[in-house]
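In case you want the letters, here they are:
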Amino acid sequence: PFHQFRLGNSLQVFILPRNDLPTISISAVVEAGKNHANSLDELISPLVLKLLKQGTEKFSKSEFQFQATRLGAAMHYRLTPQFSLLSVDILPQDLAQAMMLISQQLAYIKPHSQALEKIIQQQLLENKLAQSSGFYWAKLHFYQNNYPISHPYFSQQPDSRKIKNISQQQLLSFYQQKYVPENTRLILVGDVDPAEAKTIIASRFSHWRMAEVITPDIDYDAVSTINNQPSRIDLINRKGAQQANIL
């Protein structure tokens with residue numbers, strides 16, 4: 001069973017001691033994924049995850065990267081439809097260092113002056129690479145054909161022109177709304193002492209402020225149901241493609 005507790009700022013923590021493991025796997029899960037109620041937030045969400053790496057209150061980007069190398073393993077950043085995830089596997093003696101770094105990235109943000117330009121170029125390159133895949137187009141077509149535009153599963157095709165016009169203030173506004181303790185879960189699994197971990201987590205995360213404005217949850221009952229169309233096959237002919245992708 002997981003040891004569970006919640007800090008005064010509403011951050012939820014789950015700890016599963018595993019004495020058979022020599023390491024600790026840490027995941028910070030934030031409800032700030034790539035599916036949102038409006039298309040602008042869908043464009044902003046992956047940019048904000050990249051912005052977390054561009055500097056914190058305590059560290060510049062290069063200083064943070066140096067501190068992260070002391071963990072011995074790379075920190076991973078991933079976006080799912082519902083969540084933004086930060087994760088890392090560490091040795092037990094590096095728990096305090098890992099909690100300090102994760103709290104710095106989640107609770108504070110201080111990007112350098114060229115951060116916005118850099119992450120937009122990264123995102124445009126990622127989109128270009130993704131859109132060369134037949135699987136990307138099959139997946140996009142599937143979700144757009146089977147879910148109404150108001151549904152969280154409906155996927156928007158990234159618009160390069162809109163991405164280029166996004167401002168840093170828009171990113172900071174999204175961060176301030178979504179990257180808050182009440183939207184976050186911290187999960188630790190491995191060779192960890194729950195009492196020690198709780199003390200460290202409380203010291204690192206207790207000062208993380210709650211959101212001033214609570215974003216209402218999506219009302220799934222009000223979302224249109226999936227249209228009851230008969231089974232069908234959608235064919236997307238891509239000239240020059242070297243393979244077929246079936247979804």
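For the structure, see preceding data.
Residues numbered from 1 in each chain as written. Predicted model: local features only at pLDDT ≥ 70, side-chain atom pairs only at ≥ 80, totals over all residues. Heavy atoms only, no water.

**Some points on the sheet that holds strand β1 (residues 3–6)**
Next up, step 1: Sheet architecture is open: 6 strands sit in the order β1-β2-β6-β3-β5-β4, paired in mixed fashion. The two strands at the open ends of the sheet, each matched to only one other strand, are β1 and β4 (76–79). In this sheet, neighbouring strand axes are inclined to one another by 15° on average, regardless of whether the strands run parallel or antiparallel.
Next up, step 2: Pairing analysis gives 4 bridges linking β4 to strand β5 (residues 84–90), with the strands arranged antiparallel. Bridge pairing in β5 places Tyr 77 opposite Leu 86. (Pairing = 2+ DSSP bridges. Helix = DSSP H or I, 4+ residues; strand = E, 2+ residues; numbered from the N terminus. Axes fitted to C-alpha atoms, helices over the stretch in contact; angles between N-to-C directions.)

**Looking at the environment of His 151**
Next up, step 1: Here His 151 lies in the loop between α5 (134–146) and α6 (160–164).
Next up, step 2: For the pair His 151 and Asn 35, spaced 116 residues apart in sequence, the C-alpha separation works out to 9.1 Å.

**What to know about unusual backbone geometry**
Next up, step 1: The phi angle at Ser 10 is positive, at roughly 85°, despite the residue not being glycine.
Next up, step 2: Residue placement: Ser 10 occurs in the loop between β1 and β2 (12–17).

**Looking at the pattern of salt bridges**
Next up, step 1: By the definition in use, this model includes 3 salt bridges.
Next up, step 2: The closest approach of N and O atoms between Glu 31 and Arg 185, which form a salt bridge, is 3.2 Å. Of this pair, Glu 31 sits in the loop between β3 (24–30) and α1 (39–51) while Arg 185 sits in strand β6 (residues 184–190), and the two are 154 residues apart along the sequence.
Next up, step 3: Given the relative accessible area of 26%, Arg 185 is considered partly exposed. (Salt bridge = Lys/Arg side-chain N within 4 Å of Asp/Glu carboxyl O. Buried < 20%, exposed > 50% of the residue type's maximum accessible area, 1.4 Å probe, protein only.)

**What about the packing of aromatic side chains?**
Next up, step 1: Summed over all chains, the structure comprises 6 aromatic pairs.
Next up, step 2: With a centroid separation of 6.5 Å and 65° between ring planes, the pair formed by Phe 59 and Phe 64 is classed as edge-to-face.
Next up, step 3: Residue class for Phe 59 comes out buried when judged on its relative accessible area of 10%.
Next up, step 4: Using a relative accessible area of 5% as the deciding quantity, one classes Phe 64 as buried.
Next up, step 5: Taking 6.2 Å as the distance between ring centres and 45° as the angle between the ring planes, the aromatic pair formed by Phe 205 and Trp 208 counts as tilted. You'll find Phe 205 and Trp 208 in the same group, each marked buried.
Next up, step 6: A network of ring pairs unites the aromatic residues Phe 142, Tyr 143 and Tyr 147 as a single cluster.
Next up, step 7: Lys 198 extends its terminal NZ or CZ atom over the ring of Phe 5, reaching a point 5.1 Å from the ring centre. (Phe/Tyr/Trp six-rings, centres within 6.5 Å; stacked < 30°, edge-to-face > 60°. Lys NZ or Arg CZ within 6 Å of the ring centre and 35° of its normal.)

**As for the nonpolar core**
Next up, step 1: Ile 26, Leu 95, Tyr 179, Leu 188, Ile 201 and Phe 205 are the most contacted members of the largest nonpolar core, which has 53 residues in total.
Next up, step 2: With 8 residues, the single largest contributor to this core is helix α3 (residues 95–107).
Next up, step 3: In this structure Ile 26 touches Leu 86, Ser 87, Val 88, Ile 90, Leu 95, Ala 98, Met 99, Ile 102, Leu 186, Ile 187 and Leu 188, once residues within four positions along its chain are discounted. (Core = buried A, V, L, I, M, F, W, Y, C linked by side-chain atoms within 4.5 Å. Contact = heavy atoms within 4.5 Å.)

**Topic: helix α4 (residues 115–130)**
Next up, step 1: Taking 1.5 Å of rise per residue, 16 residues should cover 22 Å, and α4 covers 22 Å from first to last C-alpha, within 8% of that figure.
Next up, step 2: Listing the buried residues of α4 in full gives Ala 115, Leu 116, Ile 119, Ile 120, Gln 123, Leu 124 and Asn 127. For α4, the buried positions fall inside an angular range of 160° around the axis, keeping them on one side. Set apart from the buried face of α4 by more than 90 degrees, the exposed residues are Glu 117, Lys 128 and Leu 129.
Next up, step 3: Elements in contact with the buried residues of α4: α1, α6 and α7 (168–178). (Expected span 1.5 Å × (residues − 1). Arc of directions from axis to C-beta.)

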